[in-house]
Amino acid sequence: MKRFSLLIQLKFIYMYVLLYLIIGYFYDSKIKLLGYYDVLEQYFGNFIVFMIFILMLHLYSLFIKCKRNRMVYSTRLNFFVIFGVSTIFLGGLYNLGLPFKKIVADKVVLENSIRMFLYQYKLGTVLTYSFNYCISNIYFNYFYISLYILIFISLFFLIAKKLRVTITSIIVHRREKKRRRIEKQLIQEQIELMEAMERKEKEQKILEEEKEKIENDTSI
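Think of each chain on its own: its residues are numbered from 1, step by step along the sequence as written. A pLDDT threshold of at least 70 governs which residues receive local features in this predicted model, and a stricter bar of 80 or more applies before side-chain atom pairs are shown or counted, although totals over entire chains, interfaces and linings include all residues. Side-chain descriptors were evaluated using all non-hydrogen atoms of the structure, hydrogens and water having been removed beforehand.

Novice: Whenever I open this one, the side chain of Ser154 confuses me. Can you help?
Specialist: As for its placement among the helices and strands, Ser154 is situated in helix α8 (residues 140-219). A distance of 2.7 Å separates a polar atom in the side chain of Ser154 from the backbone oxygen of Leu150. The way it works is that DSSP assigns letters per residue, a run of H or I at least four long becomes a helix, a run of E at least two long becomes a strand, and they are numbered from the N terminus. Throughout this description, a polar contact denotes any pair of N or O atoms lying within 3.5 Å of each other; where both atoms belong to protein, one of them has to be capable of donating a hydrogen while the other can accept it, and for residues adjacent in sequence the pair is counted only when both atoms sit in side chains.

Rendered as structure tokens:
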């Protein structure tokens, strides 16, 4: 029981620290005045906004009671991070105009990369170094293919459930529409059959009346 209580306390302390770090970035908090966020911005630049957004999403996972749902949520969050970084890197490849060839970056390409990532978009030294390391050690065509695969896999895990629900809803809607059409057709056929039977009964009744009339005239 004491261990459980301790875990609860640690959880709330962790939540408080995350909230303080997130909220403290947007106003003159003590930790901001000490220059910690300046150091983070130097390493991560504008990417720190994406990191804060991830922390906020991660904070939500602490309120999910079901372990299975929490695990699924955390997995999707990890793939969201992979999707974000892969998209940035793929955009970097296209903005630099790197060809889909089996070559690596030379000094000029690396300098242009630093200029774009660090000074133009201000994405920090971590992303800049990571991108430069990749393009100087991985062939461009392999890097393109790897990023496309990562983006595809990430999107699959991010939207698979929504896509499955949407496809299921479409299938159910089509089946329901088909069922209603068949029911309407059957009802229409029943109505036409009843009308045909009524017409036949009327014709039969008229024939019987005419026959009876002829018999009466003959007997007279």
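Resuming the write-up.
Novice: Would you explain a positive patch on the surface in this entry?
Specialist: Residues Arg68, Arg76, Lys161 and Arg164 make up a contiguous surface patch of positive charge. Of all the secondary-structure elements, those providing two or more residues to the positive patch are α5 (67-95) and α8. Within the secondary structure layout, Arg164 lies in helix α8. Like-charged residues are merged into a patch within 9 Å and nonpolar side chains (Val, Leu, Ile, Met, Phe, Trp, Tyr) within 5 Å, provided each residue has over 30% relative accessible area and no salt bridge. Areas reported here follow the Shrake-Rupley algorithm with a probe of radius 1.4 Å; residue values treat only the protein chains shown as occluding. When a carboxyl oxygen of Asp or Glu is within 4 Å of a side-chain nitrogen of Lys or Arg, the pair counts as a salt bridge. In this charge count, Lys and Arg are treated as positive and Asp and Glu as negative; neither His nor the chain ends contribute. Positions of charges follow a simple convention, taking NZ of Lys, CZ of Arg, CG of Asp or CD of Glu.

Novice: Please explain the pattern of salt bridges as it appears in this structure.
Specialist: When charged atoms on two side chains of opposite charge get close, those side chains can pair. All told, the structure shown has 3 salt bridges when counted by the stated rule. Two residues, Arg180 and Glu176, come together in a salt bridge whose shortest N-O distance is 3.3 Å. Taken as a pair, Arg180 and Glu176 lie in helix α8 at a separation of 4 residues, close to a single helical turn. When accessible area is computed with a 1.4 Å probe and restricted to protein chains, residues below 20% of their type maximum are described as buried, those above 50% as exposed, and intermediate ones as partly exposed. By relative accessible area, which is 28% here, Glu176 ends up partly exposed. Note that Arg179 and Glu183 form a salt bridge whose closest N and O atoms lie 2.5 Å from each other. You can see Arg179 and its partner Glu183 sitting in helix α8, 4 residues apart, about one turn around the helix. The class of Arg179 is partly exposed, set by a relative accessible area of 37%. In this structure, a network of salt bridges that share partners links the residues Glu176, Arg179, Arg180 and Glu183.

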